[in-house]
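# Structure assessment
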Amino acid sequence: MRLERSIPAEALDAIRAPFLLAGAAPVDAPVLQPLGLLLDLAGEAMRSRLFVVSGDGGDEACLRPDFTVAVARQHLTSGARAGRYLYEGKAFRVAPRSSDRAEEFLQIGVEAFEAADPVAADAEIAALAWAGAAAGGRDDLTLLLGDVGLFAAFVDSLDLTPPLGARLKRTFSRPRQLKAELEGDAAPVATTERSRIAALLAGLPEAEAAAVLQELWSLAGIEPVGGRRPAEIAHRLVEKAEVVRAGRLSQAEADKVRAFLAVSDAPDAALDAIAALAGPNRAPLDVAIEGWRRRLAGMIAGGVPAERLVLNAAFGRAFGYYDGYLFEVRSAALGEERPVAAGGRYDGLPARLGAETTTGAVGCMVRPARAYAGGGE
Ligand SMILES: N[C@@H](Cc1c[nH]c[nH+]1)C(=O)O
């Protein structure tokens with residue numbers, strides 16, 4: 001496992017300092033996390049990045065690829081309604097083959113489960129990540145911003161059939177599926193491919209569809225070893241059935257989606273461009289854009305230099321839990337594969353972990369070895 005280089009104690013102190021001021025309670029989290037749960041939450045795409053650990057009996061586990069899910073789980077077991085947590089420790093990710101990225105690395109981060117004004121919290125968290133990253137001394141940083149929710153609001157503005165809209169939303173940060181949608185290849189004309197199980201499950205919410213599959217397996221005495229998780233299988237089956245029912249994008253709609261995804265600019269200009277692309281049902285998108293103007297003002301008030309901000313409508317991250325704004329602090333010298341800090345909003349995750357009441361959820365982390373200008377990873 002490739003380690004990162006260690007950095008001087010004073011540099012680490014400087015990078016940590018803003019996090020100590022965030023009003024968060026220090027926590028630790030188990031290094032071993034349940035593999036199945038992480039794959040369900042982060043998506044199968046994450047599988048190749050996880051260090052899988054197998055012991056005698058027991059469930060398959062993996063080394064924590066980050067702290068977000070682990071801290072969210074601890075927050076839920078604590079029973080507290082709200083909480084704000086600070087962590088500092090190693091995370092582990094398999095580096096892609098051709099890369100020499102560190103596979104065991106330090107993260108310092110904060111996760112906040114709070115019901116207060118989400119836009120203000122988003123701004124605060126992004127400014128915190130910026131402050132930590134900038135404390136490492138690099139002068140080539142940018143804060144790259146994106147928003148899974150903005151794409152959803154844009155898709156809603158187009159007034160598509162609900163299943164087509166839902167399907168299109170799911171293709172965000174799945175380039176292959178997105179390309180198929182835009183090129184009209186996603187909806188097979190032939191109905192011979194229809195699956196009866198797919199048709200049966202199509203009407204159910206995905207979590208229920210997964211539960212049905214699990215029940216079927218247990219009735220049949222099947223115990224899946226490795227392979228795809230029930231949630232993933234249910235997801236595929238539901239998608240398959242919907243594809244046939246929902247139709248496809250018209251040429252004009254596909255062009256609009258392409259234009260939306262091509263938006264990448266200084267945030268104010270980017271928001272103007274997005275507003276100009278809105279379809280007939282524009283009210284929710286306008287609300288989202290207004291929210292962004294406030295969020296940006298909050299980031300700038302929190303100390304992020306305005307000229308370092310970029311809003312990229314297509315920006316997504318490999319973690320499947322984000323459902324609102326998200327960001328990376330990038331260094332020109334390190335390139336886009338090595339973000340210095342990152343974070344975002346994941347309001348839906350606690351419910352997926354079984355929370356009954358939901359507060360908002362937002363967080364960020366910095367990687368000190370990358371932030372440190374004097375060497376780093
Ligand atoms: N855990 C994410 C960052 C994050 C924290 N909270 C939300 N997102 C990462 O490792 O990139």
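Computed from a predicted structure; not experimentally measured.

### What to know about the UniProt feature "binding site: L-histidine" (unreviewed entry) in the chain
In this numbering, the UniProt entry assigns the feature "binding site: L-histidine" (unreviewed entry) to Asp-66, Phe-67, Thr-68, Arg-93, Gln-107, Glu-111, Arg-317, Tyr-321 and Tyr-322. For Arg-93, the position within the fold is in the loop between strand 5 (83–92) and strand 6 (104–113). With a relative accessible area of 11%, Arg-93 lands in the buried category. Beyond its immediate sequence surroundings of up to four residues, Arg-93 is in contact with Met-46, Arg-49, Phe-51, Pro-65, Asp-66, Ala-102, Glu-103, Phe-105, Gln-107 and Phe-319.

### Notes on the site of the ligand
In the vicinity of the ligand there are 17 residues, among which Asp-66, Thr-68, Glu-111, Arg-317 and Tyr-322 approach most closely. Within the side chain of Asp-66, an N or O atom sits 2.7 Å from a nitrogen atom of the ligand. Side-chain polar atom of Tyr-322 to a nitrogen atom of the ligand: 2.6 Å apart, as the coordinates give it. Against a free-state accessible area of 300 Å², the protein chains account for coverage of 100% of the ligand.

### Re the packing of aromatic side chains
This model, assessed by the stated rule, comprises eleven aromatic pairs. Between Phe-151 and Phe-260, the ring centres sit 5.8 Å apart and the planes meet at 45°, which makes this aromatic pair tilted. Remark: Phe-260 occurs in helix 11 (residues 251–261) and Phe-151 occurs in helix 5 (residues 148–157); sequence separation between them is 109 residues. Judged on exposure class, the residue Phe-151 and its partner Phe-260 are both buried. Ring plane angle 15° and centroid distance 4.4 Å describe the contact between Phe-154 and Phe-260, whose orientation is recorded as stacked. Taken as a pair, Phe-154 in helix 5 and Phe-260 in helix 11 lie far apart in primary sequence, 106 residues in all. Across this residue pair, the class does not change: Phe-154 and Phe-260 are buried. Linked through ring pairs, Tyr-85, Phe-113, Phe-319, Tyr-321, Tyr-322 and Tyr-346 together constitute an aromatic cluster. The lysine or arginine in question, Arg-295, covers the ring of Trp-292, its NZ or CZ lying 4.6 Å from the ring centre. Between the NZ or CZ atom of Arg-367 and the centre of the ring of Phe-105, over which it lies, the distance is 3.6 Å.

### Some thoughts on the environment of Arg-5
By secondary structure assignment, the location of Arg-5 is in the segment before helix 1 (9–20). In this structure the C-alpha to C-alpha distance between Arg-5 and Glu-377, which are 372 residues apart in sequence, comes to 5.7 Å.

### Observations regarding the side chain of Asp-66
Take Asp-66: it is sitting in the loop between strand 4 (61–63) and helix 3 (68–78). The side chain of Asp-66 sits in the buried core without any salt bridge; Arg-93 is the nearest counter-charge, 5.3 Å away. A polar contact of 3.4 Å, which involves the side chain of Asp-66, links it to the side chain of Thr-68. Other than its neighbours up to four places away in sequence, Asp-66 contacts Ala-91, Arg-93, Gln-107, Phe-319 and Tyr-321.

Calculation rules
- Residues numbered from 1 in each chain as written.
- Predicted model: local features only at pLDDT ≥ 70, side-chain atom pairs only at ≥ 80, totals over all residues.
- Heavy atoms only, no water.
- UniProt positions renumbered as here; feature names shortened; annotations may be inferred.
- Helix = DSSP H or I, 4+ residues; strand = E, 2+ residues; numbered from the N terminus.
- Buried < 20%, exposed > 50% of the residue type's maximum accessible area, 1.4 Å probe, protein only.
- Contact = heavy atoms within 4.5 Å.
- Near = heavy atom within 4 Å.
- Polar contact = N/O pair within 3.5 Å; in protein donor to acceptor, adjacent residues only side chain to side chain.
- Areas by Shrake-Rupley, 256 points an atom, 1.4 Å probe, with all protein chains shown as cover.
- Phe/Tyr/Trp six-rings, centres within 6.5 Å; stacked < 30°, edge-to-face > 60°.
- Lys NZ or Arg CZ within 6 Å of the ring centre and 35° of its normal.
- Lys, Arg positive; Asp, Glu negative; His and termini not counted.
- Salt bridge = Lys/Arg side-chain N within 4 Å of Asp/Glu carboxyl O.

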